[in-house]
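Breakdown of the fold
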Amino acid sequence: MKILVGVDESDMSKHTIRRALRLAEQLDAELEVAHAAYIPATVLAAMGGVPLNMEDIVAGQRRSVWAGLDSVLGEAKVPVSRVDLDGYPPDALSDYASTSGADLIVVGTRGRGPIASMVLGSTSHRIVNNAPCDVLVVRSQEEH
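Note that this is a predicted model, so its numbers are computed, not measured. (Residues numbered from 1 in each chain as written. Predicted model: local features only at pLDDT ≥ 70, side-chain atom pairs only at ≥ 80, totals over all residues. Heavy atoms only, no water.)

Looking now at the environment of Val83. Summarising the element assignment, Val83 is placed in strand β3 (residues 80–86). The class of Val83 is buried, set by a relative accessible area of 10%. In the structure, Val83 is positioned 47 residues away from Ala36 in sequence and 8.4 Å away in space, judged by C-alpha atoms. (Helix = DSSP H or I, 4+ residues; strand = E, 2+ residues; numbered from the N terminus. Buried < 20%, exposed > 50% of the residue type's maximum accessible area, 1.4 Å probe, protein only.)

If you want it as structure tokens, here you go:
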């Protein structure tokens, strides 16, 4: 069995990885932890013509995400692979799950609530609706 976990720079990602690690141990599954590098168009527009080296920005984003997760990934008792993706995170994760043969996608929720999620969008909601496999949405500890 293969479990794919989507992560970002949030503290919620650590909680989500820990949940996925417990599942992977119980199921004797392989775990892939994926980060999709994405710079929203609104950010690019706000830069208003300032020359940007997108490769450096993406590389810095990836270094920051993985450095923040190193301690949690070090807890793994199952094989873990890190995967760097590009693009809009929910679509990149769903597409990767299709090609990699993932049996389960695990993502976190930031718990913004129904109104904020409608306005800001919801990564987990989009993945649930587009994924080629089952999806586990991990709630934050505060939501319990």
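Structure's up, so let's keep going.
Next up on the list: the sheet that holds strand β4 (residues 104–108). Taking strand neighbours across the sheet as the criterion, the five strands line up as β3-β2-β1-β4-β5 in an open arrangement whose pairing is parallel. On the outer flanks of this sheet lie β3 and β5 (134–138), each paired with one strand and no other. Across the sheet, the axes of successive neighbouring strands diverge by a mean angle of 25°, strand direction being ignored. As paired elements, strand β1 (residues 2–7) and strand β2 (residues 30–37) share six bridges and run parallel to each other. For Lys2, the partnering residue across the bridge sits in β2 and is Glu30. Contacts from helix α1 (residues 12–27) reach β1, β2, β3, β4 and β5, with the element oriented near 175° to β1. (Pairing = 2+ DSSP bridges. Axes fitted to C-alpha atoms, helices over the stretch in contact; angles between N-to-C directions. Contact = heavy atoms within 4.5 Å.)

Here the focus is the nonpolar core. Residues Ile3, Val5, Val7, Ile17 and Leu31 are the most contacted members of the largest nonpolar core, which totals 21 residues. Mapped onto this core, the elements with two or more residues apiece are β1, α1, β2, α3 (54–73) and β4. If you tally residues by element for this core, the top one is α1, at six residues. Setting aside residues up to four positions removed in sequence, Val5 forms contacts with Thr16, Ile17, Ala20, Leu31, Glu32, Val33, Ala34 and Val106. Formed by 15 residues, the second largest nonpolar core is a distinct cluster that contains Leu4, Ala34, Ala102 and Ile105. (Core = buried A, V, L, I, M, F, W, Y, C linked by side-chain atoms within 4.5 Å.)

Let us now look at α1. With 16 residues, α1 ought to run about 22 Å at 1.5 Å a step, and its terminal C-alpha atoms sit 23 Å apart, in line with that. Among the residues of α1, those classed as buried are Met12, Ser13, His15, Thr16, Ile17, Ala20, Leu21, Leu23 and Ala24. In this structure, the buried residues of α1 make contact with β1, β2, α3, β3, β4 and β5. Looking at the residues trailing α1, positive phi occurs at Asp28, about 50°. (Expected span 1.5 Å × (residues − 1).)

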